[in-house]
Every structure is written in C-alpha cells, then in structure tokens.
There are 2 protein chains.
Amino acid sequence: MSAPIAGPEIERLIQALARLPGLGPRSARRAALLLIKKKDALMRPLDEALREAIAKVTTCRICGNVDTIDPCTICRDERRDPKTLCVVEDVADLWALERAGAHKGPYHVLGGTLSALDGVRPEDLSIGALIKRAKSVQVEEVILATNATVDGQTTAHYIADALESAGVKTSRLAHGVPVGGELDYLDDGTLTAAMKARKPV
Amino acid sequence: MSAPIAGPEIERLIQALARLPGLGPRSARRAALLLIKKKDALMRPLDEALREAIAKVTTCRICGNVDTIDPCTICRDERRDPKTLCVVEDVADLWALERAGAHKGPYHVLGGTLSALDGVRPEDLSIGALIKRAKSVQVEEVILATNATVDGQTTAHYIADALESAGVKTSRLAHGVPVGGELDYLDDGTLTAAMKARKPV
C-alpha cells in the first residue's frame, strides 16, 4: 500500500480491525471511518466492551468454555443433568448448541481436532481431561458433537476408542437432511446417510 | 435470541462488534471468540488502537477530513497545489483518491449528498464553507468528485450552479469504461457515456 493517508493512529485502528474474521482491508477502513464518525455511539461502547472483556473473561478450568467466572455458569448450574457430557471442538459449537437448547447437560471443549496435516496430536487437545471427567460415576453417556468433517470424525473415533476401553458409553450426532433443507441442494454423502438412517413414519 | 450464553460482558462485546459494517450477529460472535482466544495478539492491540483513536482523532476544520491534527496533514502540506480543489462526499472517497494518487491538491468533504428522500438540504452539508473556500484567489478549479449516483450527480449540479454564479470554474470526473473492465459486464448507462465521450486514438 501507499503511504498512510491519515496518520499512524487511524492506520493502526484499520489494521487492528482488518485482523478480525469477516473484515478485509476494505471493510476495515469502512468500519474505522464509521467508528471515528460515531465516536460516542460506536467507538466508546466498543472500547469499553473490549476493556471489560480483557479484564474479566476467562476460560473455565473444567470444560474449557469462556465466561467471566471460573468454573463457568454452565458447569456451576445444578439444574443441568450431569449424566450426559457433550464434547465439542470449539466454544462456538457450544454456543450453537446452547442457542438451540439442544443439550441439557455439561460440555467439554476440546480446543480443536486431531489433524495429521496440521500436526495436532491428542496431547494438544483437552482429551486427557475429558477421559478423566468421563470416568466419573455421574457420567453415563458422552455425546461426541464434533463437526461432520474428516478431522472432526477422526477425533470422535479416537475419543470413542479411548472411552470404550475405559467402559464409558459414547454416541454421536445423527447425520441426515437438515430441517427445512431441500434434497436437491444436498450433497451425496448427506443423502446417502439420511437414506441409510431412515425411520418408520 | 435466547438468554445470554456466556455472561453479559461477552454479549456486550458481541453486540458492539455486530454494529460494525460488514459484521452480522454470526460473524460478530466469531470475531468476539477469536478476540477472547487471542487476548494479547488481537484484543489488547484493538483496544489500544481504539483508545488512541478516541483520544486523538479529530475532524479538520478546513476540509472535513479526519486526522490527528487540525488542520489535517493534507491541508498543511505546502507541496500540494492549491489551484485545484477536489470536492468529495465522504472521507472514504478522499482516501480512495489519495490511495490512487489521483489528486495532488486539497480536498473538501461535503459529509453526504443532497437527498429529497432523506431530507438532506444544502445547509446540512458543508456547501457554504466550500463556496467560501472556492472564492479564494488561490483556487482556479473545483473538481466535483461526487459519486456517479443520482444523489451524487444532483449534488454536483447544485454546487456547480452555485459556483458558476460566483465565477468559479468547475469540472467533474469522466464517465467511461473502468480500466480493466469488460464491456460485456457494464451497464447501458456507462457504455452510452463512454461512447459519447470517445476520443481519437
């Protein structure tokens, strides 16, 4: 790029914004300009939210969720059923399941997936801690809710094997047609899986 | 949406991010999670950049550009040719022309366009200040670089009329085929304008 247009402070803000996912250099410039124009309505609230998050947000030592308390709100919640433990790759997946209200028990965030390509080994993920938690007398079933990708499924199989030898029951999310989905737009793998897992009406 | 998933602090950060242009609720959640995960590499630098911008960035009293000094770097730059004054709708347009190195003189930022629909009148824009600047003995030509939209062109015509009665020479950007553009993808208006304004090779 050419020389900075409007002083190093504005360039620095644009560059910090451009590192957010979903914002490229062009939209980062637009965002920076809007923030500067709406100093009180946008820029100050964002700055305050960031400062508060920096000061307060932490990672739950039990499940790996992010929250302002440790253990997190979900791990502390005694109304949750500790019998089923749901394993997810990432906090974003935990949030998605919580938004859907799809799981009523506690979670375990792996922090990624096994990947030969990226050199991610079992000891790089929170798998040891998961096996320790799963062996607790309270846990009756471990739901492996990793993504339906190659790495996600490999990780689920690895964990299922490890838990089987520890005598813990495991399950995984069903594959099939998404609710509201049109068959015409689905890939062959999903259609084959949905056909295989068909159920009587 | 359902109840907050991870405490009000994180929700507040997501909502502040979701107000940036180009980020919806979903990408704001992704951005918030990434910021939380990379506290030192991403969240602190963004917070510092914001705080510095809040403290230092201001609007130039002469041209309406944003900068950390007032008058701005461009208005102070004595190597710039004061004979041509370039009028733009917004600071983003000024940045675009500066990136291209397309204008070597000072600018004047209108702060929008006239719009009957949105109730934007001449006195809502920085038109009075422009006419005063344009009447200065130094200025020989005012380039009307408003967008090629209906509102942008209406605004350009309004300003051209006002400056004509003040005896100032005006010009506007050429319409035509964008450099690197394919005719097949261009709209009829652009093609007609390019044909009308054709030049000998």
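Calculation notes
Residues numbered from 1 in each chain as written. Chains lettered and ligands numbered in written order. Predicted model: local features only at pLDDT ≥ 70, side-chain atom pairs only at ≥ 80, totals over all residues. Heavy atoms only, no water. Helix = DSSP H or I, 4+ residues; strand = E, 2+ residues; numbered from the N terminus. Buried < 20%, exposed > 50% of the residue type's maximum accessible area, 1.4 Å probe, protein only. Contact = heavy atoms within 4.5 Å. Pairing = 2+ DSSP bridges. Axes fitted to C-alpha atoms, helices over the stretch in contact; angles between N-to-C directions. Parallel < 35°, antiparallel > 145°, perpendicular 65-115°, else oblique. Core = buried A, V, L, I, M, F, W, Y, C linked by side-chain atoms within 4.5 Å. Least-squares fit on C-alpha atoms with pLDDT ≥ 70 in both. Domains from an automatic or database assignment. Disulfide = S-S within 2.5 Å.

### Let's talk about the overall build of chain A
Line of reasoning, step 1. When you go through chain A residue by residue, the secondary structure sums to 8 helices and 6 strands.
Line of reasoning, step 2. Taken from N to C terminus, the helices and strands of chain A fall in the order α-α-α-β-β-α-β-α-β-α-β-α-β-α.
Line of reasoning, step 3. Along the first, second and third principal axes, the C-alpha atoms of chain A reach 60 × 45 × 35 Å.
Line of reasoning, step 4. In chain A, which comprises 201 residues, the proportion classed as buried is 42%.
Line of reasoning, step 5. Sequence-distant contacts in chain A: of pairs separated by 6 or more residues, those separated by 24 or more amount to 43%.

### Re the sheet that holds strand β5 (residues 141-144) of chain B
All names here are of chain B.
Line of reasoning, step 1. Ordered in space as β4-β3-β5-β6, the 4 strands form an open sheet in which the pairing is parallel. The sheet is open, and its two edges are formed by β4 (107-109) and β6 (169-172), each paired on a single side. When strand polarity is set aside, the average angle formed by the axes of neighbouring strands in this sheet is 25 degrees.
Line of reasoning, step 2. Bridge analysis of strand β3 (residues 84-88) against β5 gives 4 bridges, and the strand direction is parallel. By the bridge assignment for β5, Thr84 is matched with Glu141.
Line of reasoning, step 3. Against the sheet, helix α7 (residues 150-165) touches β3, β5 and β6, its axis set at about 165 degrees to β5.

### A look at the packing of helix α2 (residues 25-37) of chain B against helix α3 (residues 39-56) of chain B
Residue and element names in this part refer to chain B.
Line of reasoning, step 1. Contact pair α2 / α3: the axes reach a minimum separation of 6 Å and the direction vectors enclose 110 degrees. Between α2 and α3, the crossing angle belongs to the class labelled roughly perpendicular. When α2 is examined against α3, the residues Leu34, Leu35, Ile36 and Lys37 are found in contact with a partner set consisting of Lys39, Leu42, Met43 and Leu46.

### Topic: the nonpolar core
Line of reasoning, step 1. The biggest cluster of nonpolar side chains holds 70 residues, and the ones touching the most others in it are A:Leu13, A:Leu17, B:Leu13 and B:Leu17.
Line of reasoning, step 2. Filtering out sequence-adjacent residues up to four positions away, A:Leu13 remains in contact with A:Ala32, A:Met43, B:Leu46, B:Ala49, B:Leu50 and B:Ala53.

### Some words on the relation of the copies chain B and chain A
Superposition of the two copies of the chain requires a rotation about an axis together with a shift along that axis.
Line of reasoning, step 1. When chain B is fitted to chain A, the best match, at an RMSD of 0.0 Å, comes from turning it 180 degrees and sliding it 0.0 Å along the axis. As the rotation angle and translation indicate, the two copies are arranged about a two-fold axis. Using C-alpha coordinates, one finds that chain B approaches the rotation axis most closely at B:Asp47, a distance of 2.9 Å.
Line of reasoning, step 2. When the interface residues of chain B are mapped onto chain A, 100% of them again lie at the interface, so the same face is used by both copies.

### Notes on the domain arrangement of chain A
Line of reasoning, step 1. The domains assigned to chain A are domain 1 (8-46) and domain 2 (78-172).
Line of reasoning, step 2. The C-alpha centroid of domain 2 of chain A is placed 37 Å from the C-alpha centroid of domain 1 of chain A.

### A short note on the sheet that holds strand β5 (residues 141-144) of chain A
Sheet strands associate in pairs through backbone hydrogen bonding, adopting either a parallel or an antiparallel arrangement.
Residues and elements named next belong to chain A.
Line of reasoning, step 1. The 4 strands lie next to each other as β4-β3-β5-β6, forming an open sheet whose pairing is parallel. A single partner strand is all that each edge strand has here, and the edge strands are β4 (107-109) and β6 (169-172). Each neighbouring strand pair of the sheet contributes to a mean axis angle of 25 degrees, computed without reference to strand direction.
Line of reasoning, step 2. Where β5 lies against β6, 4 bridges are found, and the strand directions are parallel. Residue pairing for β6: Glu141 is matched across the bridge by Lys169.
Line of reasoning, step 3. Those strands touched by helix α6 (residues 127-134) are β3 (84-88), β4 and β5, and its axis lies near 160 degrees from that of β4.
Line of reasoning, step 4. Running at roughly 165 degrees to β5, helix α7 (residues 150-165) makes contact with β3, β5 and β6 of the sheet.

### Regarding the state of the cysteines
Line of reasoning, step 1. Counting across every chain of the model gives 0 disulfides over all chains.
Line of reasoning, step 2. Considering cysteine sulfurs only, A:Cys63 is the nearest to A:Cys75, which forms no disulfide, with 3.6 Å between them.
Line of reasoning, step 3. Free cysteine B:Cys72: the closest other cysteine sulfur is in B:Cys63, separated by 3.7 Å.
Line of reasoning, step 4. By relative accessible area, which is 0% here, B:Cys72 ends up buried.

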